[in-house]
Each structure stands twice: as structure tokens, then as C-alpha cells.
Amino acid sequence: MIYRPLMFMNQRQSALPAVDWAIAPAHAKWWAIEESGEAFWYCAPQIAKLTGFWFCDQLPAPNFGFDGDWQISLVERPTSNRCAITIND
């Protein structure tokens, strides 16, 4: 039983599409397929001022040929190992 989660993870990783993050909106954090079969970019959550809730943008996206189970389609945007330095004059 200890190997079951590892097996599932390996199956999940091999089933995911190669998401082209170069065409994603700059603020997109995730890509996923909905139950309807539509693909979306999901953006970083935003907290509504003076309220107790948050929301995130859901923008149409290509499906990148994904034809697997929508429930395991969530792909997080890779993080960059590069440091960004901004110098203001």
C-alpha cells in the first residue's frame, strides 16, 4: 500500500500535457481542464478590498492536446530560478 500514492503520482505526471507557458498571461499561475472539457488559465488570487473573500481570473486557454481525466489536469506554472533585480535611478 505504501507504493500506491507514488504509482498514482507517476501516472499523473506522465498524463499531463506540455503546457506552453510562453503563451500564458503573465499573471497566470495554473492551467487546468474543467469538467466540461474547456481549458483555462487560472491567475493569482486577488483579495477584494474591504471584504472577506478573494477571487482569481479564469481565462480561456488552449487544451494542449490533453485528453485525460480533468480531475488530475491541474498544472502549476514552473518557478524561475533567476533573480530579478530592479534598479531605480
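Please read these numbers as outputs of a predicted model, since none were measured by experiment.

Caption draft 1: Seen up close, the sheet that holds strand E1 (residues 28-33). Within the open sheet, the four strands sit side by side as E5-E2-E1-E6. Their pairing is antiparallel. A single partner strand is all that each edge strand has here, and the edge strands are strand E5 (58-60) and strand E6 (75-76). Here E1 pairs with strand E2 (residues 39-43) via five bridges, running antiparallel. Bridge assignment links Ile33 to a residue of E2, and that residue is Ala39.

Caption draft 2: Representation of the pairing of E1. Here E1 folds back onto E2 in antiparallel fashion, the turn holding five residues, of which Gly37 has a positive phi close to 95°. With two bridges connecting them, E1 and E6 associate as antiparallel partners. Bridge pairing links Trp31 to Val75 in E6.

Caption draft 3: How the structure looks around unusual backbone geometry. Phi at Phe64 is positive, roughly 50°, even though this residue is not glycine. Examined against the element boundaries, Phe64 turns out to sit in the loop between E5 and E6.

Criteria and thresholds
- Residues numbered from 1 in each chain as written.
- Predicted model: local features only at pLDDT ≥ 70, side-chain atom pairs only at ≥ 80, totals over all residues.
- Heavy atoms only, no water.
- Pairing = 2+ DSSP bridges.
- Helix = DSSP H or I, 4+ residues; strand = E, 2+ residues; numbered from the N terminus.

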